[in-house]
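Coordinate inspection notes
What follows is the residue order along each chain.
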Amino acid sequence: MSLDPKLRRDILASVEAGFEEQIGFTQKLVSFPSTRGGEHAIQDFIFREFRQRGYGLDRFSMDRDAIARHPGGSPWSDEHSDAPIVVGIHRPREEKGRSLILQSHLDVVPAGPTAMWESAPFEPRISGDWMFGRGAADMKAGAAANVFAMDALTRLGLKPAASVTIQSVVEEESTGNGALMAHIRGYKADAVLIPEPEEEMLVRANTGVLWFQITVSGLPVHVREMDTGTNAIDATYRLIGGLRELEEAWNARRHEHRHFEDIPHPINLNIGKIEGGDWASSVPCWCRIDCRIAIYPGTDAAVAAEEIRRTIEAFARKDPYLSNHPPQVEFNGFHAEGYVLQPGSDAEAVLGHAHEAAIGEPLKSFTTPGYLDTRVYALYDQIPALCYGPISRNIHGFDECVSLSSVKRITGTMALFIAEWCGVEAMS
């Protein structure tokens with residue numbers, strides 16, 4: 001049943017009334033340099049904010065063995081975060097509505113050279129409609145929206161008439177194991193909403209992601225005798241060319257995947273990091289690259305990983321040096337499959353009503369060739385997994401920013417969605 005028009009107006013007005021506070025809250029989040037492994041302080045901050053609002057609280061660590069046993073678990077290394085997962089739990093007097101998970105991640109990617117930013121990446125700056133800072137869009141504005149969409153109801157003396165869990169996770173940018181850990185912990189609901197920066201649209205389909213590391217050995221000699229040695233960096237460049245052929249072969253299959261056939265290049269291989277050698281005047285004896293590649297929904301991550309291994313082995317067999325010195329391959333991060341959000345769910349219909357009421361136009365959906373934590377709920381809980389959030393610029397780049405007017409609009413959508421999906425009851 002749709003919301004009463006007056007209640008709808010009151011909820012949007014309440015979002016407006018709390019928006020200056022929401023901006024300040026978002027700035028506080030951006031000010032935490034919560035790169036991988038450094039999220040403890042921001043998670044403590046969120047824990048305190050949940051406690052202040054009277055939510056039930058849960059704070060727990062990753063269970064590496066449980067993650068390793070789960071089909072959606074990604075490989076773990078000492079480089080990955082040991083910061084806790086934090087959950088705030090709203091419980092109604094009586095479960096009358098449909099339950100909901102609101103989730104965000106507070107880990108962010110590295111800022112890169114500060115000199116490339118117009119202002120310091122962890123000193124949030126507002127210019128016109130835009131808030132700048134690492135993580136402002138991806139996805140600290142969404143984390144704040146989760147909190148303040150609920151606050152908008154509280155301000156009216158209302159609360160959801162169903163259980164709502166607000167989950168603050170880490171490891172979204174490396175493995176996806178944070179969301180998976182909340183799932184393993186046992187948190188379940190009738191739907192999940194994750195406000196990633198998705199241009200005020202609903203994600204219909206997204207790719208899975210694999211991370212892998214390749215190490216190539218060489219034969220070191222003095223550069224005056226370079227022809228008697230083997231340059232591991234040069235050999236790695238040759239191997240990258242072979243991986244580019246795999247990338248193009250996977251892109252050629254896009255017509256087999258309905259939601260990706262109109263995307264010119266949905267499968268992107270990124271050589272994200274390269275290091276090697278020890279001395280400018282010595283032929284390098286080692287080189288290591290860290291890679292990321294996407295996979296289509298419905299593709300088994302293990303099958304895709306095996307195809308990568310076979311591609312590397314086949315290339316090495318044809319290379320005069322690598323045939324006798326095979327590269328070493330390790331899958332060291334994301335090992336996650338993609339998903340398709342099937343249309344027609346009640347949750348999508350309710351989000352459509354809320355979006356149209358808050359923004360004034362029908363909700364659109366689109367395909368994104370990147371990783372999203374919604375895959376956990378779509379694949380393993382098989383519930384409506386809604387990824388929908390604000391307009392942004394330059395996520396993972398320099399001068400990342402989020403549109404504040406868009407954040408206000410999507411917070412209004414979210415508050416209306418919670419009210420209609422969960423129902424509301426008066427606060428006691």
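Cut-off values and rules
Residues numbered from 1 in each chain as written. Predicted model: local features only at pLDDT ≥ 70, side-chain atom pairs only at ≥ 80, totals over all residues. Heavy atoms only, no water. Helix = DSSP H or I, 4+ residues; strand = E, 2+ residues; numbered from the N terminus. Expected span 1.5 Å × (residues − 1). Buried < 20%, exposed > 50% of the residue type's maximum accessible area, 1.4 Å probe, protein only. Contact = heavy atoms within 4.5 Å. Phe/Tyr/Trp six-rings, centres within 6.5 Å; stacked < 30°, edge-to-face > 60°. Lys NZ or Arg CZ within 6 Å of the ring centre and 35° of its normal. 1 Å grid on protein atoms, 1.4 Å probe; cavity = no way out; pocket = protein on both sides within 12 Å on 5 of 7 lines; lining within 4 Å. Points joined across faces, edges and corners; volume = space filled by probe spheres on them. Nonpolar A, V, L, I, M, F, W, Y, C, P; charged D, E, K, R; others polar.

**Here we look at helix 9 (residues 346-359)**
What sets the pattern is the α-helix's 3.6 residues per turn: residues three or four places apart point alike. In a regular helix each residue adds 1.5 Å, so 14 residues correspond to 20 Å; helix 9 covers 20 Å between its end C-alpha atoms and thus fits that length. If you check which residues of helix 9 are buried, you get Ala347, Glu348, Val350, Leu351, Gly352, Ala354, His355 and Ile359. Elements in contact with the buried residues of helix 9: strand 9 (202-206), strand 17 (385-387) and helix 11 (404-422). Gly360, located one to two residues past helix 9, shows a positive phi value of around 90 degrees.

**Quick notes on the packing of aromatic side chains**
A complete count under the given rule lists eleven aromatic pairs for this structure. Residues Phe50 and Tyr55 carry aromatic rings whose centres are separated by 6.0 Å and whose planes lie at 80 degrees to one another, so their mutual orientation is edge-to-face. As far as burial versus exposure is concerned, Phe50 and Tyr55 are alike and both buried. Between the aromatic rings of Phe212 and Phe331, the centroid separation amounts to 5.7 Å while the plane-to-plane angle is 45 degrees, which identifies the pairing as tilted. Note that Phe212 is positioned in strand 10 (residues 208-217) and Phe331 in the loop between strand 13 (328-330) and strand 14 (335-336), a separation of 119 residues in sequence. Owing to a relative accessible area of 1%, Phe212 belongs among the buried residues under this scheme. For Phe331, a relative accessible area of 11% corresponds to the buried category. A connected cluster of aromatic rings, assembled from ring pairs, spans Phe25, Phe32, Phe45 and Phe148. Above the plane of the ring of Trp421 lies Arg98, whose end atom (NZ or CZ) is 3.9 Å from the centre. The ring of Phe132 carries Arg125 above its face, with NZ or CZ at 4.2 Å from the centroid.

**Some thoughts on the layout of surface pockets**
Computed from the structure, the largest pocket encloses a volume of approximately 1,400 Å³. Taken together, 42 residues line the largest pocket, and the ones lying closest to its centre are Val109, Glu173, Trp211, Phe334 and His396. For the lining of the largest pocket, the secondary-structure elements that each account for two or more residues are strand 10, strand 11 (269-276), strand 12 (286-295) and strand 16 (365-368). Considered class by class, the residues forming the lining of the largest pocket number 14 nonpolar, 13 polar and 15 charged. Put simply, the second largest pocket is a space of about 240 Å³. In terms of lining, the second largest pocket is formed by 14 residues, of which the most central are Arg53, Tyr55, His90, Thr154 and Met427. Among the residues making up the lining of the second largest pocket, the classes are represented as six nonpolar, four polar and four charged.

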